[in-house]
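Residue-level listing of the chains:
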Amino acid sequence: MIESEHDITVKRINELARKAKAEGLTEEEMDERNALRKKYIDSFKSSLRSQLDNIKFVDEDEKK
């Protein structure tokens, strides 16, 4: 199975979250975590915006 870039990003975020709870993160790891979180959130927002832009409301008069 081929992992998408999204899957790899989420996997790495989770790895860093586990490490942060267990032993803490270095400054570089915190920077990486913050960058990955921003990338994930931006991707989520973009996907949501695309879905919302494709919604079409139809009222009873338009169906006729």
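Refer to the preceding data block for the structure.
Novice: Explanation requested: the overall build of the protein chain in the structure shown.
Specialist: Of regular secondary structure, the protein chain possesses three helices and zero strands. A globule of 64 residues ought to have a C-alpha radius of gyration of about 11 Å, yet the protein chain, at 19 Å, is considerably larger. For the protein chain, with 64 residues in total, the buried portion stands at 11%. Surface summary for the protein chain: the accessible area is close to 5,800 Å², and the carbon and sulfur share equals 53%. When the 14 positive and 16 negative side-chain charges of the protein chain are each reduced to one mean point, those points stand 3 Å apart.

Novice: Which parts of the structure should I look at to understand the environment of E29?
Specialist: Inspection of the secondary structure assignment puts E29 in helix α2 (residues 27–53). The buried category is assigned to E29, whose relative accessible area is 15%. Separated by 13 residues in the primary sequence, E29 and L16 place their C-alpha atoms 7.4 Å from one another. The contact partners of E29, leaving out residues within four places of it in the chain, are L16, K19 and G24.

Rules of the game
Residues numbered from 1 in each chain as written. Predicted model: local features only at pLDDT ≥ 70, side-chain atom pairs only at ≥ 80, totals over all residues. Heavy atoms only, no water. Helix = DSSP H or I, 4+ residues; strand = E, 2+ residues; numbered from the N terminus. Rg over C-alpha atoms; globule rule 2.2 N^0.38 Å. Buried < 20%, exposed > 50% of the residue type's maximum accessible area, 1.4 Å probe, protein only. Areas by Shrake-Rupley, 256 points an atom, 1.4 Å probe, with all protein chains shown as cover. Lys, Arg positive; Asp, Glu negative; His and termini not counted. Charge placed at Lys NZ, Arg CZ, Asp CG, Glu CD. Contact = heavy atoms within 4.5 Å.

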